[in-house]
Each structure stands twice: as C-alpha cells, then as structure tokens.
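Here are the chains, one letter per residue:
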Amino acid sequence: MKRIGILTSGGDAPGMNAAIRAVVLAAHHHHIEVVGFYHGFNGLVCEEHIAMAEPLTLVKVNSIIHLGGTILKSARCQLMHEEKGLKIAAKTLNEHDIDGLIVIGGDGSFSGLLALKQHWSGRMIGIPGTIDNDLDGTDYTIGFATAVNTGIEAIDKIRDTADAFERIFIVELMGRHSGHITFNVGIACAAEQVLSFENFPVDDQQVRLLQLANEIKAAQKNRHGSYIIVIAENLWPGGAFELAKQLNKQADIECTACLLGHIQRGGSPIAKDRILATKMGVAAVQAIISGESNVMVAEKNNAMHLIALDEAIKHQKLVSKQLIDAQQNILALTAQTQC
Ligand code: F6P
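Residues numbered from 1 in each chain as written. Predicted model: local features only at pLDDT ≥ 70, side-chain atom pairs only at ≥ 80, totals over all residues. Heavy atoms only, no water.

What the domain assignment reports for the protein is domain 1 (3-143 + 269-312) and domain 2 (147-265). Of note, the centres of domain 1 and domain 2, computed from C-alpha atoms alone, are 35 Å apart. Tallying the contact residues gives 10 residues for domain 1 and 10 residues for domain 2. Summing both partners gives a buried area of about 890 Å² for domain 1 against domain 2, and 46% of it is carried by carbon and sulfur. (Domains from an automatic or database assignment. Contact = heavy atoms within 4.5 Å. Buried area = accessible area lost by both parts, 1.4 Å probe.)

Printed below as a string of structure tokens:
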C-alpha cells in the first residue's frame, strides 16, 4: 500500500474535515501518501481530472479539524450511475497509482463505490458522513450530532419569540427520508409535536390534517404560550409552509412556518463529531492496510467495527423505538394537557 485516494461525496457534514485530517495523519504514520480528489466522484470522472486532484500533506490538513463543510468540496455525480463514468473513474485511479480509495459520504456515495468495484480492483473503504444518521450498522454518522445541536440552538431562539407572541410554529428539519434529526431535535427542544415518517405517515392527508388540528385546538384550551411543531422534510406534501396554509384555511389555526434548511449542514463540528470522525479516519486507514475492502467503518457501543458496504446501505437505520415511544406515549400527551 503506497498511495490512498480520498474524496467526500453527497451532502457535506460537519466533521468531514476532521476525518480527512485523521486519514492523512494515520496514512503518514504508515508512510502512505494521500491524494485528495475534489468535488466528490466528479474528481474521478471529470475529463480534466488531473486538475481535480492533489496530494494531501500534513500542512494542508494542519488546521481544518474545526471547519464545517469539506476542504475537498462535495457533489452528487450522475456519471457514477453510468458505465462510462465508472470506467473513467477506474482509469483516473490507475493513472494516479492509487491502491486504495476512502470515500466519506452517505448511502448514495457508497452505492457509487460498490458500482466502481466492477471496474477497479483497489481496496475501497467507506466512512459514514451524513447529517441524516440513516446508515445501518453504525450508532452515529459524522455530522449528525452537530446538525442536531444546530437545530436545537435555532429552535431555542424560535421558542423565545414564539413565547412572546404565544404563537404556533411549524419548523421543518432536514433528514431526507428519515426522522433521526427530527426526533432528536424535537425531543431536545421540548417540541409539543414531532411529526415524522415513523409516527405520522401521511397516508391520508385530510385525516392527518384534521387529527393535527384537533390536537392543537385541544392543547390550546389547556395552555397558553408557544406551541412548536417540528416536522421532517419530505413528509407533508408542499412542506411546512403548505401545512401552515392548510391549517389556517381549513381549521382556522394560525401558524408560522420556518424552514431551517441548509443551516443544519454547516458550522463547526461539535466535540462528538470531531472525535468520531478522527476515530473513523484512523480506523479506515488501518482497515485498508490490513487488506480490507468494500467495508464501511462503523461505531457500535463505543468500539470501531467494519460492516460490509452493501449491508450498510441495504436498509435505512431506524430511529430508536424508545425515543419514538417516549415522544408519542408520554411527552406529547403531557404537553397536550399542561396548564
Ligand atoms: O443527505 C443530507 C441532506 O442534507 C439531506 O438531509 C437533505 O435532504 C439533502 O441532503 C439536501 O440535499 P441538497 O443539498 O442537494 O439540496
């Protein structure tokens, strides 16, 4: 093993830079060079790929552990879904004499890696980096903890103004198609309602709207003050703004909608993400040196493990059942009756 390639792909996540740094330091320790490919898999498939790669020295990663985003840039790459793109990627890796490739990203990025396997024989390791926390086999993904903290900080601020005006807010959170962020943020900022795929599937929009309207009205009878509903993105057709409009029009409930959006993806990684990313970066290099391939590094019960890449992306990781139960059967009911 002489030279490792590394790239970040898909939605960036706070802590990706910490993982890049750990990979470079661990590789240096074992006298292995690291080449960084820019703009996700585009750095491998772009015809001008030579300009999209550069050696990552210790100096280059010296002061990046605290930075959000990714110094390697990120992207989603359509060409990695095509035979032509995969062949170019393999050619690029061979031209750079790369023996092993480390990809920091989510399920889409790992599908790209698995597809590349048909065309390239080097070792391939995935590091789970996504705010969505939806990869199976690891307790946490890099970026999730920071995104949850960012969501909490924002909603604590919304709570102040909501309290002052005794307003109802609907705050939409990221997570693509999973509710890890929504449930964790909702519980940590004492949201009166948490609406996510796991507890509020919108199979019949009209029935769900009526249910929500009744619950809000019942709660308003018993309490004064703010009322915060957090909702997962992609749950309600049209999102938080549409839900607010429908509650107003059909149930005469006035709500203020707020989209946190990409704010959740940015910012300096909190301690938990820096440390997780560092452990995963070191584990990825150790795995590649010991001959592992097509695996994702994962943390389970505070220890590092390797999980087959296809296993990691086969099923979306579920939100903790205890968390859902606590919200649904205890917290939400109590919030409903509080004076
Ligand atoms: O996967 C990370 C994520 O931030 C999701 O939570 C969100 O649905 C998506 O990426 C947004 O993607 P984009 O930045 O391309 O709009």
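With a phi close to 55°, Asp97 is a non-glycine residue in the positive phi region. Its location among the elements puts Asp97 in the loop between helix 3 (83-95) and strand 4 (100-105). Among the residues examined, Asp97 registers a relative accessible area of 53% and is labelled exposed. A positive phi angle, close to 55°, is found at Ala190, a residue other than glycine. By secondary structure assignment, the location of Ala190 is in the loop between helix 6 (180-188) and strand 7 (193-195). (Helix = DSSP H or I, 4+ residues; strand = E, 2+ residues; numbered from the N terminus. Buried < 20%, exposed > 50% of the residue type's maximum accessible area, 1.4 Å probe, protein only.)

Relative to the helices and strands, Arg208 resides in helix 7 (residues 205-222). No salt bridge is formed by the buried Arg208; its nearest oppositely charged neighbour, Asp203, is found at 4.0 Å. Excluding its chain neighbours within four sequence positions, the residues that come into contact with Arg208 are Asn199, Phe200, Pro201, Val202, Asp203 and Trp236. (Lys, Arg positive; Asp, Glu negative; His and termini not counted. Salt bridge = Lys/Arg side-chain N within 4 Å of Asp/Glu carboxyl O.)

Let's shift gears to the pattern of salt bridges. If you walk through the whole model with that rule in mind, you get 10 salt bridges. Between Lys300 and Asp139 there is a salt bridge, with its nearest N and O atoms 3.5 Å apart. On the criterion of sequence distance, the pair formed by Lys300 in strand 10 (residues 295-300) and Asp139 in the loop between strand 5 (123-128) and helix 5 (144-165) is long-range, its members being 161 residues apart. Lys300 gets classed as partly exposed once you look at its relative accessible area, which sits at 35%. Take Asp139: its relative accessible area is 25%, and that puts it in the partly exposed class.

Turning to the sheet that holds strand 9 (residues 255-259), a few remarks are in order. Pairing is parallel in the open sheet, where 4 strands are placed in the order 7-8-6-9. Two strands bound the open sheet, and with one partner strand each, they are strand 7 and strand 9. Averaged over all pairs of adjacent strands, the angle between their axes in this sheet comes to 20°, without regard to strand direction. Both strand 6 (residues 168-173) and strand 9 contribute to a ladder of 5 bridges, which runs parallel. Along strand 9, the bridge assignment pairs Val171 with Cys258. (Pairing = 2+ DSSP bridges. Axes fitted to C-alpha atoms, helices over the stretch in contact; angles between N-to-C directions.)

Next up on the list: the packing of helix 7 against helix 8 (residues 239-251). As a packed pair, helix 7 and helix 8 sit with axes 11 Å apart at the nearest point and diverge in direction by 75°. Judged by the inter-axis angle, helix 7 sits roughly perpendicular to helix 8. Of the residues in helix 8, those in contact with Gln205, Gln206, Leu209, Leu212, Ala213, Ile216 and Lys217 of helix 7 are Leu243, Gln246, Leu247, Gln250 and Ala251. Looking at the contact of helix 7 with helix 8 residue by residue, the classes come out as 7 nonpolar, 4 polar and 1 charged. (Parallel < 35°, antiparallel > 145°, perpendicular 65-115°, else oblique. Nonpolar A, V, L, I, M, F, W, Y, C, P; charged D, E, K, R; others polar.)

The environment of the ligand is made up of Arg76, Ile131, Asp132, Met174, Gly175, Arg176, Glu233, His262 and Arg265. At a separation of 3.5 Å, an oxygen atom of the ligand approaches a polar side-chain atom of Arg176. Coverage of the ligand by the protein amounts to 76% of the 400 Å² it exposes when considered alone. Split by residue class, the shell around the ligand holds 2 nonpolar, 2 polar and 5 charged. Among the domains, domain 1 (3-143 + 269-312) and domain 2 (147-265) are the pair contributing at least three residues each to the shell around the ligand. (Near = heavy atom within 4 Å. Polar contact = N/O pair within 3.5 Å; in protein donor to acceptor, adjacent residues only side chain to side chain. Areas by Shrake-Rupley, 256 points an atom, 1.4 Å probe, with all protein chains shown as cover.)

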